[in-house]
Amino acid sequence: MMDRALDRLQAQLVAAIKAHVLRNAPPRPPVAGVHLWRCFVYLSARRRVQDGRGLPISPVEIEAAARLKGWFLTARHVEMIEAMDLAFLKAEAVPKEQRVQGPLTAALFDRALG
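Note that the structure is a prediction, hence the values are computed from the model and not measured.

A.B. asks: Please clarify how the packing of helix α1 (residues 2-22) against helix α4 (residues 75-93) should be interpreted in this entry.
C.D. replies: Between two packed helices, the angle of one axis relative to the other and the distance separating the axes together describe the packing. Viewed as axis vectors pointing N to C, α1 and α4 meet at an angle of 25 degrees, and their least axial separation amounts to 9 Å. Considering their axes alone, α1 and α4 lie roughly parallel with respect to each other. Helix-helix and strand crossings are classified by hand; for α1 and α4 the assignment is right-handed. Counted together, Leu 6, Asp 7, Leu 9, Gln 10, Leu 13, Val 14, Ile 17, Lys 18, Val 21 and Leu 22 of α1 and Arg 76, Glu 79, Met 80, Ala 83, Met 84, Ala 87, Phe 88, Ala 91 and Glu 92 of α4 form the full contact between these two elements. Taken together, the residues of the contact of α1 with α4 sort by class into 13 nonpolar, one polar and five charged.

A.B. asks: Would you take a moment to explain the packing of aromatic side chains for this structure?
C.D. replies: The relative placement of two aromatic rings is captured by the distance of their centres and the angle of their planes. What the rule picks out here adds up to two aromatic pairs. Each ring, one from Phe 40 and one from Phe 88, has its centre 5.8 Å from the other, and the planes form 70 degrees; the classification is edge-to-face. Here the residue Phe 40 occupies a position in helix α2 (residues 34-45), and Phe 88 occupies one in helix α4, the gap between them amounting to 48 residues. The two residues Phe 40 and Phe 88 agree in class, both being buried.

Calculation rules
Residues numbered from 1 in each chain as written. Predicted model: local features only at pLDDT ≥ 70, side-chain atom pairs only at ≥ 80, totals over all residues. Heavy atoms only, no water. Axes fitted to C-alpha atoms, helices over the stretch in contact; angles between N-to-C directions. Helix = DSSP H or I, 4+ residues; strand = E, 2+ residues; numbered from the N terminus. Parallel < 35°, antiparallel > 145°, perpendicular 65-115°, else oblique. Left-handed = near helix turned anticlockwise from the far one by under 90°. Contact = heavy atoms within 4.5 Å. Nonpolar A, V, L, I, M, F, W, Y, C, P; charged D, E, K, R; others polar. Phe/Tyr/Trp six-rings, centres within 6.5 Å; stacked < 30°, edge-to-face > 60°. Buried < 20%, exposed > 50% of the residue type's maximum accessible area, 1.4 Å probe, protein only.

Structure (structure tokens):
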């Protein structure tokens with residue numbers, strides 16, 4: 001039962017990351033995931049960059065930040081942060097001109113599909 005709830009939470013966090021990056025939507029993590037969202041934001045702001053591209057956040061970086069900040073993270077939480085990071089990196093790789101600017105309205109959707 002708990003695994004399904006955590007899987008659903010992970011899916012919601014990943015969807016919130018995609019919406020935030022691809023649609024320039026305000027961050028809207030689910031209430032149950034606010035702690036993980038804040039952890040991810042902290043880690044992402046300190047992301048290493050190589051050749052102009054962000055590198056994935058490593059489990060070692062997550063563990064070090066958790067110790068320094070006093071976060072309680074289980075192995076499942078780390079997996080969720082890694083899933084959020086993968087979604088973030090994939091969304092960031094989409095060229096800015098291909099992203100939706102502003103909220104996706106019915107009119108914008110109709111225009112996009114012709």
